[in-house]
Amino acid sequence: MDFKEIDHLLELARIELSSQEKEKIALDLGKILDYVRQLQELDTNNVEPMTGGTLLENICREDNVNKEKQDLSKELKKSASNLKDDSFKIPPIF
Amino acid sequence: MIKEIHNKLINSEITATELIKGYFQTIDEKDNQIKAFLTLTKDSALEQAEKIDEKIKGGKEINVLEGIPYAIKDNMLVKGVKTTAGSKILENYTASFDATVIKKLKKQGAILLGKTNMDEFAMGSSTENSAFFATKNPHDLERVPGGSSGGSAASVASKMSVFALGSDTGGSIRQPAGFCGVVGFKPSYGTVSRYGLIAMASSLDIIGPFAENVEDAEIIFKSITGKDSMDSTSQDISVDTNKTQNIQNTVFGLPKEYFQEGLDDKIKKTIEEVIEKIKSQGATIKEVSLPSTSYALPCYYIIMPAEVSSNLARFDGIRYSSINDYPNLHDIYFKTRGEGFGEEVRRRIVLGTYVLSSGYYDAYYKKAQQVRRLIAKEFKEVFEEVDFLITPTSPTFPFKIGEKVDDPLSMYLSDIFTVGANIAGIPAINLPCGKADNLPINMQIIGPYLSDFSLLNISKTIENIIL
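Each chain carries its own residue numbering, running from 1 in the direction its sequence is written. Chains and ligands are labelled by the order in which they are written, letters from A for the one and numbers from 1 for the other. In view of the model being predicted, local features appear only for residues whose pLDDT reaches at least 70, and side-chain atom pairs are presented and counted only at 80 or more, with totals across whole chains, interfaces and linings using the full set of residues.

**What to know about the overall build of chain A**
Stated precisely, the cut-off is as follows: The helix and strand labels rest on DSSP assignments: H or I over at least four residues marks a helix, E over at least two residues marks a strand, and numbering proceeds from the N terminus. Any residue with 12 or fewer other C-beta atoms within 10 Å of its own C-beta is exposed, any with 20 or more is buried, and the rest are partly exposed; the C-beta atoms used are placed from the backbone.
Scanning chain A from N- to C-terminus turns up three helices and two strands. Secondary structure elements of chain A occur, N-terminal to C-terminal, as α-α-α-β-β. Every one of the 94 residues in chain A was classed for burial, and the buried ones make up 14%.

Written out as structure tokens, the structure reads:
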């Protein structure tokens, strides 16, 4: 994996690394990708991807308001120190 | 162990306060060397113990878990208590609600002693990836306790807690349980609510117990299992639907792929001896084949990082910590995440980003999901032939601290025998079955999806055969 590709992935993942760290991660990812590529040996034609933790079908529920979750939102926001009028305060984007 | 302590409490042979003080004394004596705990909750534990003592004095009945001291991995939320997931990025985070498992244990009166060390965000097999310190193996302080739930395993093994909870995404309960020589149970996917567990890979994560014996693991599993409205993947599992297994009419499968090269000879020999004993009790032993076994780990190292990269996006430097004084939003994201995440976590986020990115999605992520179905199907089919599978838990003995930390792939291979159960969502348990050179040897028993109670039952029988 080259530096340009690593830079693009780090941009997508929102992570800043030093050039030394980039070198190391490029090397490690190369080895890991070589290892996981062995899946290509398997014939998976007509195999439906398994998208969850079990072979069971999706279960749907009525869309209703969960009071417990509503009350929790205030508590959850307290984890952030920089709150203003119940909103997160961040530097200007524009 | 739990029932014994319970009887002592109700017969007033010991008070809950004495019991809890005793455990904190053991922690004082041992934990400066073993380093299993990140946070202790001494004040609330003693306060709770006093209330239980008053209850017992007043002649009121107590629950079997009431007053029983336990520890939990630091990726489960306890309201008002620091929860770091072993990461610098959550160094100052205090949980604002209780995880469902904590709510359930609190209701039953179990007493939390503290939160245990772990590989950062549960990524690792040695607990060396904790941002704070490495935990040591109680059997040999120069060796790792396994991971990622290494602190929980070490706390039970060194009798610093009666039981502990961990989480298992690819082996993070069973492998450290094996390295520390205690029972570790990974339930079927969805049978324990993940609400309040800091997510690593949501389609693989499950919470389960560490205990001294299978009976205790069963008591704990019973108390934490069940459908929860806060986790839509959770479901009820009925005790009654599982037949009580009699060893004489049980068929155990030995998947030959788990006993091939790479497995330590001493581990192999000990497990073979146990299998002989099980056979002599009248059980049927059958060699079976799971041809896709070697693909489970590479499959896992695509699906897990993909889910990791998505789940860990929430740690943006804004919502879970105090915002550093960076001039723009770009810097808040990039610097907080670059400095706050450790090397292994960054590696997996970037790997996950890669396998999900445009142009690579089909070749990696979709392919892995297809392979996942093949592996799950293979397990399902083998359980039409046999009731349970017996395998080693880990191919090696606990390794030395520092031995594998610079070589991610060799660390990943520690989970080679445990990931299959996560990929397929099926239950599996680690049982200690011997020792060599003072280090524990272990085996794993794997059962079909939702066979958790019969798996625990048969494990009790096997535990007695081993003894």
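**Notes on the overall build of chain B**
Basically, it comes down to this: When we talk radius of gyration, it's over C-alpha atoms, and the globule rule is simply 2.2 Å times the number of residues to the 0.38.
For chain B, the helix and strand inventory stands at 15 helices and 11 strands. Whereas a compact globule of 467 residues would reach a radius of gyration of roughly 23 Å, chain B reaches 21 Å, a difference of no more than 12%. Based on the C-alpha atoms only, the size of chain B along its principal axes is roughly 70 × 65 × 45 Å. Expressed as a percentage of the 467 residues in chain B, the buried residues total 60%.

**Points about the pairing of strand β11 (residues 439-446) of chain B**
Residue and element names in this part refer to chain B. Note the following rule: Here, any two strands with at least 2 DSSP bridges between them count as paired.
Taken across its eight residues, β11 has seven buried, putting it largely inside the fold. Summarising the sheet, strand β9 (residues 388-392) and β11 pair through four bridges and their orientation is antiparallel. Paired with Pro 392 across the strands is Met 443, a residue of β11. Inspection of the sheet shows strand β10 (residues 428-436) paired to β11 by eight bridges, in the antiparallel sense. Note on β11: the bridge partner recorded for Gly 434 is Ile 441.

**A word on helix α1 (residues 2-10) of chain B**
Residue and element names in this part refer to chain B. Heads up, the condition is: In this description, the arc belongs to the directions extending from the helix axis to the C-beta atoms. The contact criterion used is a C-beta to C-beta distance within 7 Å, with each C-beta placed from the backbone.
Of the positions making up α1, those classed as buried are Ile 2, Ile 5 and Leu 9. The buried residues of α1 occupy one face: seen down the axis, they fall within an arc of 70°. In α1, the exposed positions that point more than 90 degrees away from the buried face belong to Lys 3, Glu 4 and Asn 7. Buried residues in α1 make contact with α2 (16-34), α3 (42-57) and α7 (214-224). Just beyond α1, the residue with positive phi is Ser 12, at close to 55°.

**Details of helix α5 (residues 150-157) of chain B**
Residue and element names in this part refer to chain B. Across the eight residues that make up α5, a large majority, eight, are buried. Those residues of α5 that sit buried are Gly 150, Gly 151, Ser 152, Ala 153, Ala 154, Ser 155, Val 156 and Ala 157. One or two steps after α5, the chain reaches Lys 159, where phi turns positive at roughly 60°.

**Quick notes on the interface of chain B and chain A**
Across the contact, 51 residues belong to chain B and 40 residues belong to chain A. The set of elements that each furnish at least two residues to the side of chain B that touches chain A consists of α9 (293-311), α10 (329-340), α11 (343-356), α12 (362-382) and α13 (408-412) of chain B.

**Structural notes on the nonpolar core**
Residue and element names in this part refer to chain B. Put simply, the rule is: What makes a nonpolar core is a set of buried Ala, Val, Leu, Ile, Met, Phe, Trp, Tyr and Cys residues, with links drawn between C-beta atoms within 7 Å.
Counting residues in each nonpolar core, the largest one holds 156 residues, and the members touching the most others are Tyr 70, Val 183, Phe 210, Cys 299, Ile 302 and Ile 445. Take this core: its biggest share by element is 11 residues, from α9. Those residues in contact with Tyr 70 that sit more than four places away from it in its chain are Ala 110, Leu 112, Leu 113, Ser 161, Val 162, Phe 163 and Ala 164.

**Topic: unusual backbone geometry**
Excluding glycine, residues mostly carry a negative phi; peptide bonds, for their part, are mostly trans. Here Gly 147 of chain B and Ser 148 of chain B are connected by a cis peptide whose omega angle stands at 10°. Turning to its location among the elements, Ser 148 of chain B is positioned in the loop between β3 (111-116) and α5. For Arg 14 of chain A, which is not glycine, the phi dihedral falls at a positive 55°. Within the secondary structure, Arg 14 of chain A is located in the loop between α1 (3-13) and α2 (19-36). What makes Arg 14 of chain A buried here is the crowd of 20 C-beta atoms within 10 Å. In this model, Asp 437 of chain B sits at a positive phi of 50°, which is unusual for a non-glycine residue.

**Some thoughts on the environment of Gln 48 of chain B**
Residue and element names in this part refer to chain B. Looking at where Gln 48 falls in the secondary structure, it is placed in helix α3. The class for Gln 48 is buried, based on 22 C-beta atoms found within 10 Å. Remark: the alpha-carbon pair of Gln 48 and Glu 66, spanning 18 residues in sequence, is separated by 9.7 Å.

**Quick look at the sheet that holds strand β4 (residues 163-168) of chain B**
All names here are of chain B. Quick reminder of the rule: What counts as an axis is a line fitted to C-alpha atoms, over the stretch in contact for a helix, and the angles between N-to-C directions run from 0 to 180 degrees.
The mixed open sheet is built from 11 strands, whose spatial order is β1-β3-β2-β4-β6-β5-β10-β11-β9-β7-β8. For this open sheet the edge positions go to β1 (37-40) and β8 (284-288), each flanked by a neighbour on one side alone. Along the sheet, successive strands turn relative to each other by an average axial angle of 30°, direction set aside. Packing against the sheet, helix α15 (residues 452-466) makes contact with β9, β10 and β11, and its axis sits at approximately 10° to β10.

**What about the environment of Glu 307 of chain B?**
Residue and element names in this part refer to chain B. Note that Glu 307 resides in helix α9. A tally of 22 C-beta atoms within 10 Å means that Glu 307 is categorised as buried. In sequence terms Glu 307 and Met 200 are 107 residues apart; their C-alpha atoms lie 7.1 Å from each other.

**Describing the packing of α1 of chain A against α11 of chain B**
So the rule is basically this: Roughly parallel here means an angle under 35 degrees, roughly antiparallel means over 145, roughly perpendicular means 65 to 115, and every remaining angle is called oblique. Each residue is assigned to one class: nonpolar for Ala, Val, Leu, Ile, Met, Phe, Trp, Tyr, Cys and Pro, charged for Asp, Glu, Lys and Arg, and polar for all the others, Gly among them.
Contact pair α1 of chain A / α11 of chain B: the axes reach a minimum separation of 9 Å and the direction vectors enclose 100°. With respect to α11 of chain B, the axis of α1 of chain A lies roughly perpendicular. Along its contact with α1 of chain A, which presents Leu 9, Leu 10, Leu 12 and Ala 13 of chain A, the element α11 of chain B presents Ile 349, Val 350, Thr 353 and Tyr 354 of chain B. When the residues that make up the contact of α1 of chain A with α11 of chain B are grouped by side-chain class, the tally is seven nonpolar, one polar and no charged.

**A look at the confidence of the model for chain B**
Using the following cut-off: Confidence of the predictor at the level of single residues is captured by pLDDT, which takes values from 0 to 100.
Taken as a whole, chain B shows an average pLDDT of 95; of its residues, 99% reach a score of 70 or greater. Reported for the predicted complex are a pTM of 0.96 and an ipTM of 0.92.

**A closer look at the environment of Ala 421 of chain B**
All names here are of chain B. Residue placement: Ala 421 occurs in helix α14 (residues 419-424). It is 8.9 Å that separates the C-alpha atoms of Ala 421 and Gly 447, two residues lying 26 residues apart in sequence. In this structure Ala 421 touches Lys 186, Ile 426, Ala 428 and Ile 446, once residues within four positions along its chain are discounted.

**With respect to the packing of α9 of chain B against α11 of chain B**
All names here are of chain B. With their axes 7 Å apart at the nearest point, α9 and α11 run at an angle of 100° to one another. In terms of orientation, α9 lies roughly perpendicular with respect to α11. Residues Ile 302, Pro 305, Ala 306, Val 308 and Ser 309 of α9 lie in contact with α11, whose contacting residues are Arg 348, Ile 349, Leu 351, Gly 352, Thr 353, Val 355 and Leu 356. In terms of residue class, the contact of α9 with α11 is made up of eight nonpolar, three polar and one charged.

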